[in-house]
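Survey of secondary and tertiary structure
Each chain, written out:
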Amino acid sequence: MDFFKKKDILIIIIILIVGIGFWYTYNNTPNDETVKAELYYYNELVMTIDLSQGIEKTFSIAQKPKVVFHLSEDGKICFIESDCPDKVCINTGEIYIAGQSAACLPNGLVLKIVSDDEDEKFDTIIGN
Amino acid sequence: MIKKTIIYIIITIVLLYLVACSNTGLKRYSAEFLFLFDTTTQIVGYSTSEEEFSDYVNFIHKELEEYHQLYDIYNEYDGINNVKTINDNAGISPVKVDKRIIDLLLFAKKAYQDTDGKVNIALGSVLSIWHEYRTKGVDDPENAKLPPLELLEKANSHTDIDNVIIDKLNSTVYLSDSEMSLDLGAIAKGYAVEQVSKAVEKKGLTSGLIIVGGNVRAIGYKGEDNEFWNIGIRNPDMQSDEGDLYRMNIAGMSIVSSGDYLRYYTVEGKKYHHIIDPDTLYPSEYYRSVTVICEDSGIADVLSTALYNMPIDQGKKLVESREGVEALWVYNDGEQEYSSGFFDYVSASLE
């Protein structure tokens, strides 16, 4: 049975190696470009913020001008001011990993980190 | 030569297929809602269609809302006797309540025994003082004050859990001490999540997550391929980076964290959080956070509070004495302790 010659086996091995190589690269490429923060006001998505632009900004939304958010250059986002009674939103601190979230219930606001990547590392993150 | 080329192409396609696709009929959906149990709720589920998932979400929401209203100590609801009704009738009369309240109170009495009194639902009189001082202190940080110890000690003479009289047959609850009150904060959320997740599983959901605040309950495996759910536990040290994040792999289990990092107020530069040690009547200072992994979300909730209020030796003894329970303790300086099987659930420590 001479159908597969040495050369053929070599080519198959090369295909395998290249395939595994691609697979490995695909799975280990940092997916920073796809990480975004979504801001919800009473379950309605009101803003999407790209976390990978390297921009620093402080902002509010029209519905809740007394609640202030801060985005840092390294792509971390947080509540920095709020007129709520418990300040749990501010105490949550900076979030930036897909699966993390921060909420201000009295103001009906939820900030959530999401990733376009189907293979998100985390289904959820607690203790943040 | 053409034949061979075709074979190469086929091999390549097969390889690409193996790498790129896992072809299942279930799709991932998620939904969120606010307000229940004073926190956010997230539902993740693998379902055949959006409609089917919506049905599950509506069911979970309705069930959780009912538990929320029954266990509420602050608000009244039309036509419902809840825990506030029981508190309002302390020393006056027994209150007829839903079986779900009776079941939770029986569970809570057992929890009290199992944790050497470190989780006490009859601590309401003490907790309400802290709640009042904390709320004022957050609102007006300049004038934040600590409650005087005498006040706390006086309240503590009305925290005997034996004065919670449960009549299972007639489905009534009576607080025989008129000064006492129930506070289910350490226990109700986990218990409700457990009951609801069992119910939705019975209804047919095979793969899902119910996340209520720091309580995570996994239903089955993730998707159809028997994968584990990836749950991140972050070091509560706000300054720390991704280095201190554990990736936990669970299926059909619960993870609950208790910590000092969200609900607190500051008096003269020192933080005072909301988990009160029934023995000292002050916020427990052993750890920054404790995380418990076990099957039952209600037990995980109880244990995370109990462990938070215990020195490490006592806590480890408690964890190791119970089958299927693992824990992570994080000290104030970031140092950590683990139970013997904790790392069985860790897929990667991303350091």
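Keep in mind the model is a prediction, meaning the values are calculated, not measured.

Cut-offs used in this document
- Residues numbered from 1 in each chain as written.
- Chains lettered and ligands numbered in written order.
- Predicted model: local features only at pLDDT ≥ 70, side-chain atom pairs only at ≥ 80, totals over all residues.
- Heavy atoms only, no water.
- Domains from an automatic or database assignment.
- Buried area = accessible area lost by both parts, 1.4 Å probe.
- Salt bridge = Lys/Arg side-chain N within 4 Å of Asp/Glu carboxyl O.
- Polar contact = N/O pair within 3.5 Å; in protein donor to acceptor, adjacent residues only side chain to side chain.
- Helix = DSSP H or I, 4+ residues; strand = E, 2+ residues; numbered from the N terminus.
- Nonpolar A, V, L, I, M, F, W, Y, C, P; charged D, E, K, R; others polar.
- Pairing = 2+ DSSP bridges.
- Axes fitted to C-alpha atoms, helices over the stretch in contact; angles between N-to-C directions.
- Contact = heavy atoms within 4.5 Å.

This part covers the domain arrangement of chain B. Residue and element names in this part refer to chain B. As far as domains go, chain B holds domain 1 (27–49 + 197–344) and domain 2 (83–175). Of the roughly 2,000 Å² buried between domain 1 and domain 2, counting both surfaces, carbon and sulfur atoms make up 70%. Put simply, domain 1 and domain 2 have 3 salt bridges between them. Across the contact surface, domain 1 and domain 2 share 7 residue pairs in polar contact (both at pLDDT 80 or more). Considering every element that reaches the side of domain 1 that touches domain 2, the biggest residue donor is helix α8 (residues 297–308), with 5 residues. Its residues assigned to classes, the side of domain 1 that touches domain 2 shows 14 nonpolar, 8 polar and 4 charged.

Looking now at the sheet that holds strand β2 (residues 41–47) of chain B. Pairing between the strands of a sheet comes from backbone hydrogen bonds, and it takes one of two forms, parallel or antiparallel. All names here are of chain B. The 8 strands are arranged β1-β2-β6-β7-β10-β13-β14-β15 in an open sheet whose pairing can be described as antiparallel. Since the sheet does not close on itself, it has two edges, and those belong to β1 (27–33) and β15 (336–338), each with one partner. The average undirected angle you get between the axes of adjacent strands in this sheet is 10°. Note that strand β7 (residues 215–219) and strand β10 (residues 254–259) share 3 bridges and pair antiparallel. The residue of β10 that forms the bridge with asparagine 215 is valine 256. Here helix α9 (residues 312–321) sits on the sheet and contacts β14 (326–330) and β15; the angle it forms with β14, its principal contact strand, is near 165°.

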